[in-house]
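Single-letter residue listing:
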Amino acid sequence: MSLASLPTGTVDFHVYGPEASDHPPVLFVHGAVVDLQLWDRVAGTLGAAGHWCWSVTWPLGSHRIACPKAVADGPRGVARMVADFIEDQGLQGCTLVGNDTGGAVCQYVLHHRPELIGRVVLTNCDAFEVFPPQPFATFFALLSRRALVRPMMAMLGSTALRHSPVGFGLLVTDPDPGVTASWVRPTKVAAKIRADLATLLAGIDPPDLARVSPTMRDFPGPVTLVWGTADRCFTPALGRRLAAAFGDDRPGGTRFVEVDGARTFVSLDDPQAVVRAITEIAALPTR
């Protein structure tokens, strides 16, 4: 694991594949209360095929290095950190891949720093006023109160509850107990991480994202949305609405790919679907 010291904090990351790649670099952005493990299967497969991939643990609740400056402005602050990481690591023109809350972060990056991004692949994610969806809107509202973070996350120490329909069981078909336990551990053991999570969630502003999502049409590069059809949080209807916001006036248009049986974490339920989308979009020209 490597570290990058950025203006608003330090993040850990892992690089897959060769630096001397014929393909554009790929940068992954996960959602709230997960980490870079969300992308392991996708990034590992792409790396073995010669793609240069960067998987980062962003300060979204499962991070291990506190980043109070990054989360002070909620997801917008994390988006600035993503932009800083791209510049710090020389990844301009990358393919930006986002999921869940990370999809909202990607939309903020595209709104404010589109020149850094060459191509976009989004899997099931927040968009417009769905930020976050139920039942997580209620859960996140409670977690935005710092005093409640520790007791609420402690309840997720139970695998049965953690994998229930009010936990990760709603987001992935077959959760890995070890991985999901690692996702909730940082908030259980570190007060600074609990403070970061509460600050981040308090900064979620649905009307703000509702203003940003319609501006996606201004991004000129190729776009693919890879959407799990079994997702009850981010429905296919929301995905098609986001695809329409990007529009077709771009190289290759905007592709909307449905993944049967996949839930929110398409990268875990059907990693090959995400691999195919990234491989195919890498071959498309940018303006």
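Up top is the structure.
Cut-offs used in this document
- Residues numbered from 1 in each chain as written.
- Predicted model: local features only at pLDDT ≥ 70, side-chain atom pairs only at ≥ 80, totals over all residues.
- Heavy atoms only, no water.
- Helix = DSSP H or I, 4+ residues; strand = E, 2+ residues; numbered from the N terminus.
- Rg over C-alpha atoms; globule rule 2.2 N^0.38 Å.
- Buried < 20%, exposed > 50% of the residue type's maximum accessible area, 1.4 Å probe, protein only.
- Contact = heavy atoms within 4.5 Å.
- Areas by Shrake-Rupley, 256 points an atom, 1.4 Å probe, with all protein chains shown as cover.
- Expected span 1.5 Å × (residues − 1).
- Pairing = 2+ DSSP bridges.
- Axes fitted to C-alpha atoms, helices over the stretch in contact; angles between N-to-C directions.
- 1 Å grid on protein atoms, 1.4 Å probe; cavity = no way out; pocket = protein on both sides within 12 Å on 5 of 7 lines; lining within 4 Å.
- Points joined across faces, edges and corners; volume = space filled by probe spheres on them.
- Nonpolar A, V, L, I, M, F, W, Y, C, P; charged D, E, K, R; others polar.
- Arc of directions from axis to C-beta.
- Lys, Arg positive; Asp, Glu negative; His and termini not counted.
- Salt bridge = Lys/Arg side-chain N within 4 Å of Asp/Glu carboxyl O.

**Q** Is there a simple way to think about the overall build of the protein chain in this case?
**A** Helix and strand counts for the protein chain stand at 13 helices and eight strands. What you see for the protein chain is a C-alpha radius of gyration of 17 Å, in line with the 19 Å of a compact globule of 287 residues. Overall size of the protein chain, expressed as C-alpha extent along the three principal axes, is 50 × 40 × 35 Å. Considering the protein chain as a whole, with its 287 residues, one finds that 59% of them fall into the buried category. Within the protein chain, contacts between residues separated by at least 24 positions form 77% of all contacts whose residues are at least 6 apart in sequence. Approximately 10,800 Å² of the protein chain is accessible, and the part contributed by carbon and sulfur atoms is 54%.

**Q** I would appreciate a short explanation of helix α9 (residues 191-202) in the present structure.
**A** Note: α-helices contain 3.6 residues per turn, so residues at a spacing of three or four share the same orientation. Taking 1.5 Å of rise per residue, twelve residues should cover 16 Å, and α9 covers 17 Å from first to last C-alpha, within 8% of that figure. Taken together, the buried positions of α9 are Ile193, Arg194, Ala195, Asp196, Leu197, Ala198, Leu200 and Leu201. Packing partners of the buried residues in α9 comprise α2 (68-71), α3 (74-89), α5 (136-143), α6 (146-155) and α8 (177-189).

**Q** I keep staring at the sheet that holds strand β1 (residues 2-6) and nothing clicks. Help me out?
**A** Note: strands within a sheet are paired through backbone hydrogen bonds, in either parallel or antiparallel orientation. Pairing is mixed across the open sheet formed by eight strands, whose spatial order is β1-β2-β4-β3-β5-β6-β7-β8. Single-partner strands in this sheet number two, and they are β1 and β8 (254-259). With strand direction ignored, the average angle separating the axes of adjacent strands in the sheet is 25 degrees. In terms of strand pairing, strand β6 (residues 117-125) meets strand β7 (residues 223-228) through four bridges, oriented parallel. Bridge assignment links Thr123 to a residue of β7, and that residue is Val226. Running at roughly 140 degrees to strand β5 (residues 94-100), helix α4 (residues 101-112) makes contact with β3 (26-29), β5 and β6 of the sheet. Here helix α13 (residues 271-282) sits on the sheet and contacts β3, β5, β6, β7 and β8; the angle it forms with β6, its principal contact strand, is near 160 degrees.

**Q** Looking at this structure, I do not really get the pairing of β1. What am I missing?
**A** Consecutive side chains along a regular strand alternate between the two faces of the sheet. In terms of strand pairing, β1 meets strand β2 (residues 9-16) through five bridges, oriented antiparallel. From the neighbouring strand, Ala4 faces β2, where its bridge partner is Val11. What sits between β1 and β2 in their antiparallel hairpin is a turn of two residues.

**Q** Honestly, the layout of surface pockets in this entry has me stumped. Any pointers?
**A** Gaps left between atoms show up when a probe the size of a water molecule is rolled over them. Its boundaries defined by the atoms lining it, the largest pocket holds a volume of some 180 Å³. Along the wall of the largest pocket there are 14 residues; nearest its centre are Arg41, Asp174, Asp176, Val179 and Leu268. If you list the elements that add at least two residues to the lining of the largest pocket, you get α1 (40-48), α8 and α12 (266-269). Here the element with the most residues in the lining of the largest pocket is α8; it accounts for three residues. Residues belonging to the lining of the largest pocket are distributed by class as follows: six nonpolar, three polar and five charged.

**Q** Hey, could you run me through α6 in this one?
**A** For α6, every residue scored as buried is listed here: Val149, Met152 and Met153. Along the long axis of α6, the arc covered by the buried residues comes to 95 degrees, so they all point the same way. Next to the buried residues of α6 lie α5, α8 and α9.

**Q** When you look at unusual backbone geometry in this model, what are you seeing that I'm missing?
**A** Glycine aside, a negative phi is what most residues show, and trans is what most peptide bonds show. Backbone torsion omega between Phe131 and Pro132 reads -5 degrees, so that peptide bond is classified as cis. Following the sequence through the fold, Pro132 ends up in the loop between β6 and α5. Omega for the bond connecting Gln134 with Pro135 falls within 30 degrees of zero, at 5 degrees, which places this linkage in the cis form. With respect to the helices, strands and loops of the structure, Pro135 is situated in the loop between β6 and α5. Despite not being glycine, Asp100 shows a phi value in the positive range, around 55 degrees. By the element assignment, Asp100 lies in strand β5.

**Q** Hey, could you run me through the side chain of Asp12 in this one?
**A** Position of Asp12 among the secondary structure elements: in strand β2. An unpaired buried charge is present at Asp12: no salt bridge exists, and Arg64, the closest side chain of opposite charge, is 5.8 Å distant. Dropping the residues within four chain positions of it, Asp12 is found in contact with Met1, Ser2, Leu3, Leu36, Ser55, Val56, Thr57 and Ile65.

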